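Close look at the chain arrangement
Residues per chain are reported as follows:
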Amino acid sequence: MKAVVLDGIVLGLAFGLLGVGMTLVYGLGGVLNLAYGQIVILGAIVVMVVMEDGVATFLAAVLGVLAAAGVAVLLDLTLMRPVYRQHGEERTLLGLLLTLGAAFVIGGLLTWRYPAGALYINVSGEPVSIIGVPMAVGSLWASVIALAVAAVLLLFFGLTTFGRGVRSIIQDETGARLVGINPAFVRTVIFALSGALAGIVAITQSMSGPLTVNAGFELTTFALIVTVVGGLGSVAGAFLAGVLLGVVNSLSAHYIGQYITTIILLGAAALTILIRPRGLLGR
Amino acid sequence: MLEVSGLAAGYLGERVIEGIDVEVRTGEAVAIIGSNGAGKTTLFRAIAGLLQPMEGRVVLDEKDLTRRPAHRISRAGIAYVPAERHLFPAMTLKSNLVLGAYPRRPDRETLELVYDLFPRLHERQRQQAGTLSGGEQQMLAVGRALMARPRLLMLDEPTTGLAPKIAQIAFEALEGLKKEGMTLLIAEQQVPLALSVAERGYVLENGRIRLSGTSAELDQNPEVRRAYLGVA
């Protein structure tokens, strides 16, 4: 039982990290980036290619994060411009369609070019015992990175003037413009941040097992679930939802069976929409 | 200080206001008077950059601000307090004020000036903006606008939805601001209140300036008296 819960927390921190990049972009402009998983994969493939050329793992990881952030900025400056000119439902719909298109293009190109592409970052070391449960070093490192990212994001949004500006746009975009905030610029910065987070997800995911080129839509699905359950635009909500869902996932996999977990997670998302549409910590 | 000339603006290609010339001099308080739907809010939104003007120019201190986006106009020194206020409801009152100074950090002096003007805000600074009463929200909206140290403060219907007593207090605060040297442009349906603060006024009707003059002239004008002061 202890081991199952601990596994769930480790998995949940990974979920939280996965969801936070999507929830920030959604909170800021109502766009669900369906290409999010493919941006993760793009980061992973860049790291893989660079590592095959003999570049050290850490440097390769940094390049992967930068590449993912770069692609995100490119998407924001091209594809997303017409989306943000729309408002309300039209924006949401156009955003879904265009990012879905981007998902197919990025995913298709990567699968065509690297059909057997996969990133596995081998973190060597004996399992570490946490409250009597032996845990793999790779997934523990992934958890530490996720927690560090959560802490940095919370400090950034809580304490800096720019972070306050981001939150103000989420709450009232017209009000934000009236106090001198440029929503287009802030959205580009947050899209870049979201891309960088996708790059970090690529690293952490491949520390506990290989991340394959075709995993994009699965990642997007989990990010969507975390976004819905956590509440749009909430960093703390994403991680809280991630950990809750991770524990639910582990428990149901252990006591019912692995086959049921995705259905239960989707069920949790559906239930959230019915009971608490704004999510755990959403406004 | 502010010169609006030949301004036309509207929605979906339809002009709501047209040929608007308005001038506000430094240290002056100017009222825009008009009934509901006359185009007061459209005029303010066009000056503030929330709405792209179709024609005409908006110039502040000889700097052409026409067609600049709202955040640039705000940073150039025009603070606009819309009737709907557009506060940040899930943040504390204090955070709302701090954001008013964006992108700068707020200076203590301005914050104290706002708290002096509205002592109520000081008492409630830790409270979430969304939980404040209507009058307090209006005070906060004005306070937030002042945090940017604007050259010109534009207020759209500052007394809408306020009890008469609180509306009176709001206008006393505006008198106080004027004494401090703030330049004001006020749109108001409550014409007697507006004319009591303003030195001059413009009467807006069906999207055009119908009349203009000093407050005393407008107060004595038979048309204004009939239409807005309820005098037969």
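None of the values given here were measured: they were computed from a predicted structure. Once a new chain begins, its residue numbering starts again from 1 and follows that chain's sequence as written. Each chain takes a letter, starting from A, and each ligand takes a number, starting from 1, following the order in which they are written. Local features in a predicted model are, by the rule used here, given only for residues with pLDDT of at least 70; side-chain atom pairs are given and counted only at 80 or more, and totals for whole chains, interfaces and linings are based on all residues.

All names here are of chain A. At a minimum axis separation of 5 Å, helix α6 (residues 137-159) and helix α7 (residues 161-171) run at an interaxial angle of 80°. As the angle between them shows, α6 and α7 are arranged roughly perpendicular. Facing α6, whose interface residues are F156, F157, G158 and L159, α7 presents G163, V166 and R167. Helix axes are fitted to C-alpha atoms over the stretch in contact, other axes to C-alpha atoms as well, and angles between N-to-C directions run from 0 to 180 degrees. A helix here means a DSSP run of H or I that spans at least four residues, while a strand means a run of E at least two residues long, and both kinds are numbered starting from the N terminus. Angles below 35 degrees are treated as roughly parallel, those above 145 as roughly antiparallel, those between 65 and 115 as roughly perpendicular, and all remaining angles as oblique. Contact between two residues is assigned whenever their backbone-derived C-beta positions fall within 7 Å.

Attention shifts here to the environment of A148 of chain A. Residues and elements named next belong to chain A. On the secondary structure map, A148 appears in helix α6. Every C-beta atom is placed from the backbone, and the number of other C-beta atoms within 10 Å of a residue's own sets its class: buried at 20 or more, exposed at 12 or fewer, partly exposed in between. Since 11 C-beta atoms lie within 10 Å of it, A148 is described here as exposed. Each C-alpha atom of the pair A148 and M51 lies 25 Å from the other, and the pair is 97 residues apart in sequence.

Residues and elements named next belong to chain B. Counting buried residues along strand β9 (residues 200-205), five of its six residues qualify, which places the element largely inside the surrounding structure. Only when DSSP finds a minimum of two bridges between them are two strands counted as paired. Relative to β9, strand β3 (residues 29-33) is paired through four bridges, and the arrangement is parallel. Residue I33 lies in a different strand from β9, and its bridge partner there is V203. Of the pairings in the sheet, the one linking β9 to strand β10 (residues 208-214) comprises six bridges and is antiparallel in character. In the sheet register, G201 faces β10, and the bridge partner there is G213. Taken together, β9 and the strand that follows it, β10, pair antiparallel across an intervening segment of two residues, in which N206 is found at a positive phi of about 45°.

All names here are of chain B. Of all six residues making up strand β8 (residues 183-188), six are buried, and the element is well covered by its neighbours. Going residue by residue along β8, you find T183, L185 and A187 tucked away on one face and L184, I186 and E188 tucked away on the opposite face as well. Sheet analysis places β3 next to β8, joined by five bridges and oriented parallel. Among the inter-strand pairings, V30 is bridged to a residue of β8, identified as L185. By the bridge criterion, five bridges tie strand β7 (residues 152-156) to β8 in an arrangement that is parallel. Paired with L155 across the strands is I186, a residue of β8. For a crossover, the right-handed case is the one in which the path from the first strand over the helix to the second runs clockwise, viewed with the strands pointing away from the viewer. For the crossover that starts at β7, traverses helix α7 (residues 164-179) and ends in the parallel β8, the hand is right-handed.

All names here are of chain B. Where each domain begins and ends is defined by an automated method or by a domain database. As far as domains go, chain B holds domain 1 (1-77 + 150-232) and domain 2 (84-149). Domain 1 and domain 2 are separated by 23 Å when their C-alpha centres are compared. If you look at the interface, domain 1 gives 11 residues, while domain 2 gives eight residues. Broken down by element, the residue count for the side of domain 1 that touches domain 2 peaks at five residues, all from α7. Three classes are used, and their members are as follows: Ala, Val, Leu, Ile, Met, Phe, Trp, Tyr, Cys and Pro are nonpolar, Asp, Glu, Lys and Arg are charged, and the others, Gly among them, are polar. When grouped by side-chain class, the residues that make up the side of domain 1 that touches domain 2 number eight nonpolar, three polar and no charged.

Across the contact, 22 residues belong to chain B and 16 residues belong to chain A. Secondary structure elements with two or more residues in the side of chain B that touches chain A: α2 (70-76) and α3 (93-100) of chain B. The residue inventory of the side of chain B that touches chain A, partitioned by class, reads 14 nonpolar, five polar and three charged.

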